[in-house]
Amino acid sequence: MEPDLRSRVVALEHKTAATEQRLAGIEQWRQQSDLIDARKDEQWKNLLEKFGLMDRKIDGVDTSLNKKMDDLGGNIRWLGKIVIGAALSAMVAGVVAFMMKGGFHIP
């Protein structure tokens, strides 16, 4: 019976060694998987941060454009006022000149 017991012990030792080897492989895979997940999380974090910066820049450009458009609108209003004022002044000057030459002269 001794050789049978010895062979069973050796078989169990081999089985234990194989199980330990599989466990070591699984632990190594888990560590690599954790590292890959951490890298991906960091990449997503950086990507979201870049999108946030772009969003802030776009908001800044939008605010700047709105301010410039408001300034341009004010300048166009003033230009319109100047043109209308000049036209009215020219009409008034024409009426005054017409009147100075005699206006509607009736003989």
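Because the structure is a prediction, the values reported are computed rather than measured.

## Comments concerning the overall build of the protein chain
A tally of regular secondary structure across the protein chain gives one helix and zero strands. Computed over its C-alpha atoms, the radius of gyration of the protein chain comes to 46 Å, more than 25% above the 13 Å expected for a compact globule of 107 residues. Over its C-alpha atoms, taken along the principal directions, the protein chain stretches across nearly 155 × 15 × 10 Å. Going through the 107 residues of the protein chain one by one, you find that 1% of them count as buried. If you sum the accessible surface of the protein chain, you get close to 10,400 Å²; carbon and sulfur atoms cover 65% of it. Of the side chains in the protein chain, 16 bear a positive and 15 a negative charge, and the two mean positions are spaced by 12 Å.

## A closer look at the packing of aromatic side chains
Per the stated rule, a full pass over the model turns up zero aromatic pairs. We note Lys81 situated over the ring of Trp78; from NZ or CZ to the ring centre the distance is 4.7 Å.

## Thoughts on a nonpolar patch on the surface
A cluster of nonpolar side chains, Trp44, Leu47, Leu48, Phe51, Met54 and Ile58, forms an exposed patch at the surface whose accessible area comes to about 660 Å². Within the secondary structure, Ile58 is located in helix α1 (residues 2-100).

## Let's talk about a negative patch on the surface
Judged by side-chain charge, Asp34, Asp37, Asp41, Glu42 and Glu49 come together as a negatively charged surface patch. Among the secondary structure elements, Glu49 is positioned in helix α1. Accessibility expressed as a relative area gives 48% for Glu49, which makes it partly exposed.

Cut-offs used in this document
Residues numbered from 1 in each chain as written. Predicted model: local features only at pLDDT ≥ 70, side-chain atom pairs only at ≥ 80, totals over all residues. Heavy atoms only, no water. Helix = DSSP H or I, 4+ residues; strand = E, 2+ residues; numbered from the N terminus. Rg over C-alpha atoms; globule rule 2.2 N^0.38 Å. Buried < 20%, exposed > 50% of the residue type's maximum accessible area, 1.4 Å probe, protein only. Areas by Shrake-Rupley, 256 points an atom, 1.4 Å probe, with all protein chains shown as cover. Lys, Arg positive; Asp, Glu negative; His and termini not counted. Charge placed at Lys NZ, Arg CZ, Asp CG, Glu CD. Phe/Tyr/Trp six-rings, centres within 6.5 Å; stacked < 30°, edge-to-face > 60°. Lys NZ or Arg CZ within 6 Å of the ring centre and 35° of its normal. Patch = residues over 30% accessible without salt bridge, like charges linked within 9 Å, V, L, I, M, F, W, Y side chains within 5 Å. Salt bridge = Lys/Arg side-chain N within 4 Å of Asp/Glu carboxyl O.

Note that every value here comes from positions in space, so none of it alone points to a role or purpose.
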